[in-house]
Amino acid sequence: MKLVQKGNKQLRIADDQLANYLARGFDEVDQKTGKIIKKEGPADELKALKKENATLKKTNKELTEQLEQLKAGQ
(Lines give C-alpha, C1' and ligand atoms only; values in the text may rest on other atoms or scores of the structure.)
Protein backbone atom coordinates (compact mmCIF):
# COMPACT_ATOMS: atom_id res chain seq x y z
CA MET A 1 0.00 0.00 0.00
CA LYS A 2 1.11 3.54 -0.81
CA LEU A 3 0.08 6.84 0.72
CA VAL A 4 -0.66 9.76 -1.62
CA GLN A 5 -1.70 13.33 -0.93
CA LYS A 6 -3.25 16.20 -2.85
CA GLY A 7 -4.00 19.36 -0.93
CA ASN A 8 -5.28 18.32 2.48
CA LYS A 9 -6.56 14.94 1.24
CA GLN A 10 -4.56 11.75 1.90
CA LEU A 11 -5.43 8.38 0.41
CA ARG A 12 -4.06 4.89 0.91
CA ILE A 13 -3.87 3.18 -2.49
CA ALA A 14 -2.63 -0.08 -4.02
CA ASP A 15 0.96 -0.05 -5.29
CA ASP A 16 -0.09 -0.55 -8.90
CA GLN A 17 -2.28 2.59 -8.81
CA LEU A 18 0.58 4.93 -7.87
CA ALA A 19 1.35 6.05 -11.44
CA ASN A 20 -2.31 6.93 -12.05
CA TYR A 21 -2.51 9.08 -8.95
CA LEU A 22 0.82 10.80 -9.64
CA ALA A 23 -0.42 11.68 -13.13
CA ARG A 24 -3.54 13.24 -11.59
CA GLY A 25 -1.45 15.57 -9.40
CA PHE A 26 -1.13 13.56 -6.18
CA ASP A 27 2.21 13.34 -4.36
CA GLU A 28 3.59 10.14 -2.84
CA VAL A 29 4.05 10.53 0.92
CA ASP A 30 6.31 8.55 3.27
CA GLN A 31 3.99 6.70 5.65
CA LYS A 32 6.33 7.04 8.64
CA THR A 33 7.56 10.62 8.34
CA GLY A 34 4.75 12.22 6.34
CA LYS A 35 7.24 13.88 3.99
CA ILE A 36 6.71 13.97 0.25
CA ILE A 37 8.74 11.31 -1.56
CA LYS A 38 7.71 11.82 -5.18
CA LYS A 39 6.04 14.80 -6.76
CA GLU A 40 4.85 14.65 -10.36
CA GLY A 41 2.11 15.79 -12.66
CA PRO A 42 0.82 19.34 -12.88
CA ALA A 43 4.13 21.05 -12.17
CA ASP A 44 5.58 19.72 -15.42
CA GLU A 45 2.30 20.35 -17.19
CA LEU A 46 2.18 23.94 -15.93
CA LYS A 47 5.65 24.61 -17.32
CA ALA A 48 4.61 23.29 -20.74
CA LEU A 49 1.38 25.31 -20.69
CA LYS A 50 3.23 28.53 -19.83
CA LYS A 51 5.65 27.94 -22.70
CA GLU A 52 2.79 27.27 -25.11
CA ASN A 53 0.95 30.37 -23.87
CA ALA A 54 3.99 32.56 -24.50
CA THR A 55 4.33 31.14 -28.02
CA LEU A 56 0.66 31.74 -28.77
CA LYS A 57 0.83 35.31 -27.48
CA LYS A 58 3.82 36.02 -29.74
CA THR A 59 2.05 34.50 -32.75
CA ASN A 60 -1.12 36.44 -31.96
CA LYS A 61 0.81 39.71 -31.77
CA GLU A 62 2.48 39.04 -35.13
CA LEU A 63 -0.83 38.16 -36.78
CA THR A 64 -2.52 41.24 -35.33
CA GLU A 65 0.24 43.43 -36.76
CA GLN A 66 -0.13 41.78 -40.17
CA LEU A 67 -3.88 42.33 -40.08
CA GLU A 68 -3.43 46.01 -39.24
CA GLN A 69 -1.01 46.39 -42.15
CA LEU A 70 -3.51 44.74 -44.52
CA LYS A 71 -6.32 46.98 -43.29
CA ALA A 72 -4.16 50.07 -43.75
CA GLY A 73 -3.35 49.03 -47.34
CA GLN A 74 -7.00 48.85 -48.43
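Residues numbered from 1 in each chain as written. Predicted model: local features only at pLDDT ≥ 70, side-chain atom pairs only at ≥ 80, totals over all residues. Heavy atoms only, no water.

J.: For this particular structure, what's the right way to read the overall build of the protein?
T.: Within the protein, the secondary structure is distributed over 2 helices and 4 strands. Helices and strands in the protein line up, N terminus first, as β-β-α-β-β-α. With the principal axes as the frame, the protein shows a C-alpha extent of 70 × 20 × 15 Å. The proportion of buried residues among the 74 residues of the protein is 16%. Summed over its atoms, the accessible surface of the protein is roughly 6300 Å², and 51% of this surface lies on carbon and sulfur atoms. Here the protein carries 16 positive and 12 negative side-chain charges, and the mean point of each set is 4 Å from the other. (Helix = DSSP H or I, 4+ residues; strand = E, 2+ residues; numbered from the N terminus. Buried < 20%, exposed > 50% of the residue type's maximum accessible area, 1.4 Å probe, protein only. Areas by Shrake-Rupley, 256 points an atom, 1.4 Å probe, with all protein chains shown as cover. Lys, Arg positive; Asp, Glu negative; His and termini not counted. Charge placed at Lys NZ, Arg CZ, Asp CG, Glu CD.)

J.: What exactly am I supposed to notice about the pairing of strand β1 (residues 2–6) here?
T.: When a strand is regular, its side chains alternate between the sheet's two faces. Pairing between β1 and strand β2 (residues 9–13): 5 bridges, direction antiparallel. Bridge pairing in β2 places Leu 3 opposite Arg 12. Where β1 folds back onto β2 in an antiparallel hairpin, the turn is made up of 2 residues, including Gly 7, whose phi is positive at roughly 65°. (Pairing = 2+ DSSP bridges.)

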